[in-house]
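Chain and residue survey
Spelled out from the first residue to the last, the chains are:
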There are 2 protein chains.
Amino acid sequence: MTLPLSTYTKLMRAAESVTSRTSRPMSDAGLTISQFGVLEALLHRGPLCQKDIAAKILKSSGNITMVIDNLVKRCLVRRERSETDRRFITIHLTPEGSSLINEVFPQVSAAIVDNMAILSSEEQELLGQLCRRLGRQD
Amino acid sequence: MTLPLSTYTKLMRAAESVTSRTSRPMSDAGLTISQFGVLEALLHRGPLCQKDIAAKILKSSGNITMVIDNLVKRCLVRRERSETDRRFITIHLTPEGSSLINEVFPQVSAAIVDNMAILSSEEQELLGQLCRRLGRQD
DNA sequence: GTCTAATATTTTAATATCAAACAATAAAAC
DNA sequence: GTTTTATTGTTTGATATTAAAATATTAGAC
């Protein structure tokens, strides 16, 4: 296999490996990766409309409707129609949602830190720089 | 955000970016990423049982049943029950499947090479080594 | 040899994903 | 001001994804 293809394969495997090793706290809390992504975005950025959430977690907006639906069913978030522009629906964490994500996020975060610790700080910096160049360019 | 979390985020974004930029030839051929993965595995490794295919494309075996079902519907692969151990089902490319993957794979491959070319060979080597250390460790 | 454990696949139920069509609303053009 | 265009979100239809239970088959224990 040529260098670019082999590098791409390793990149994909690394991303999938770290994710699968760090998603246990999510599934233990009954959250899917997308649900966790939504709650985390709301935790760190405050209330957001669905379009912004979709952009943050890189999913289509049709999809977000369903993810939010399932979070609403579990009373972890609530929808609030904007008064000024009725096209927008702002999503808010409920107290239950806030409590859950405040408990789960540190666990996931700690697992990611643990996993990345295979690389030194310098290596992580370097990896981040290389990845950023592949990520941008849109 | 701390270095490990920021590095992880960049890793994920890079993997998703390159994949989304290189999957056009697949969707143009009416193939999902998983369907492409199955056909590619069969192209490069020859006939495989479903368990081995699942391991190759990192998906659950329950899932593979459906992906293969959809490929069979389009006559791109066929199932063949093993005579020696009837638990195994070996999946073979049909002539149509072989023809399709032989057309699509080089396109995807070329797109990946193009995308990775943002990095020099040395940088790709380095990225591959860093990613491999994150990927292994199971 | 029979019973038990292991393996390969399928099924089921719930959620996710995307693309495309649709509905509602707002902004811009005229 | 009405019409056109753009934006936000929902719905629909097809496929994917996982976990867990079920099925079929083989291998191992006794």
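Just above, that's the structure.
Heads up: these notes are all about the structure in this document. (Residues numbered from 1 in each chain as written. Chains lettered and ligands numbered in written order. Predicted model: local features only at pLDDT ≥ 70, side-chain atom pairs only at ≥ 80, totals over all residues. Heavy atoms only, no water.)

**Thoughts on the overall build of chain A**
When helices and strands are counted, chain A shows 7 helices and 3 strands. For chain A, the N- to C-terminal ordering of α and β elements is α-α-α-β-α-α-β-β-α-α. Expressed along its principal axes, the backbone C-alpha trace of chain A runs to roughly 55 × 35 × 25 Å. Relative to its full complement of 138 residues, chain A shows a buried share of 46%. Taking the contacts inside chain A whose residues are at least 6 apart along the sequence as the reference set, 50% of them involve residues at least 24 apart. In the form shown here, chain A has an accessible surface area of approximately 7300 Å², with 52% of it arising from carbon and sulfur atoms. (Helix = DSSP H or I, 4+ residues; strand = E, 2+ residues; numbered from the N terminus. Buried < 20%, exposed > 50% of the residue type's maximum accessible area, 1.4 Å probe, protein only. Contact = heavy atoms within 4.5 Å. Areas by Shrake-Rupley, 256 points an atom, 1.4 Å probe, with all protein chains shown as cover.)

**Looking at the relation of the copies chain A and chain B**
It takes a turn of 180° to lay chain A on chain B, together with a shift of 0.0 Å along the axis; the resulting RMSD is 0.0 Å. Taken together, these values place the two copies in the relation of a two-fold axis. A symmetric contact is evident, with 100% of the interface residues of chain A recurring at the interface of chain B. (Least-squares fit on C-alpha atoms with pLDDT ≥ 70 in both.)

**Observations regarding the sheet that holds strand 2 (residues 77-81) of chain B**
Residue and element names in this part refer to chain B. The 3 strands lie next to each other as 1-3-2, forming an open sheet whose pairing is antiparallel. If you trace the sheet from one side to the other, it starts and ends with strand 1 (48-49) and strand 2, each paired once. By the bridge criterion, 2 bridges tie strand 1 to strand 3 (residues 89-93) in an arrangement that is antiparallel. Bridging across to strand 3, C49 finds its partner in T90. (Pairing = 2+ DSSP bridges.)

**Considering the protein's contact with DNA strand C**
Taken together, 22 residues lie near DNA strand C, and T32, S34 and N70 of chain A together with Q50 and K51 of chain B sit nearest. Atoms of DNA strand C within 4 Å of the protein: sugar and phosphate make up 74%, bases the balance. Among the secondary structure elements, those contributing two or more residues to the surface near DNA strand C are helix 3 (33-45) and helix 5 (61-73) of chain A together with helix 4 (50-57) and helix 5 (61-73) of chain B. Looking at the surface near DNA strand C, the element that brings in the most residues is helix 5 of chain A, giving 4 residues. In terms of residue class, the surface near DNA strand C is made up of 5 nonpolar, 10 polar and 7 charged. (Near = heavy atom within 4 Å. Nonpolar A, V, L, I, M, F, W, Y, C, P; charged D, E, K, R; others polar.)

**Remarks on the side chain of Q50 of chain B**
Residue and element names in this part refer to chain B. Here Q50 shows up in helix 4. Assessed through its relative accessible area of 14%, Q50 is described here as buried. Side chain to side chain, Q50 and R79 meet in a polar contact 3.2 Å long. Beyond its immediate stretch of four places on either side in the chain, Q50 contacts I64, T65, I68, R79, I89 and I91. (Polar contact = N/O pair within 3.5 Å; in protein donor to acceptor, adjacent residues only side chain to side chain.)

**Examining the interface of chain A and chain B**
On the side of chain B, 44 residues touch chain A, which itself brings 44 residues to the contact. Around 4300 Å² of area is buried between chain A and chain B when both sides are counted, 71% of it from carbon and sulfur atoms. Summed over the shared surface of chain A and chain B, the number is 2 salt bridges. Counting across the interface, chain A meets chain B through 14 residue pairs in polar contact (both at pLDDT 80 or more). When residues of the side of chain A that touches chain B are traced back to their parent elements, those giving at least two are helix 1 (3-22), helix 4 (50-57), helix 6 (95-116) and helix 7 (121-135) of chain A. Per-element tally for the side of chain A that touches chain B: the top contributor is helix 1 of chain A, with 17 residues. (Buried area = accessible area lost by both parts, 1.4 Å probe. Salt bridge = Lys/Arg side-chain N within 4 Å of Asp/Glu carboxyl O.)

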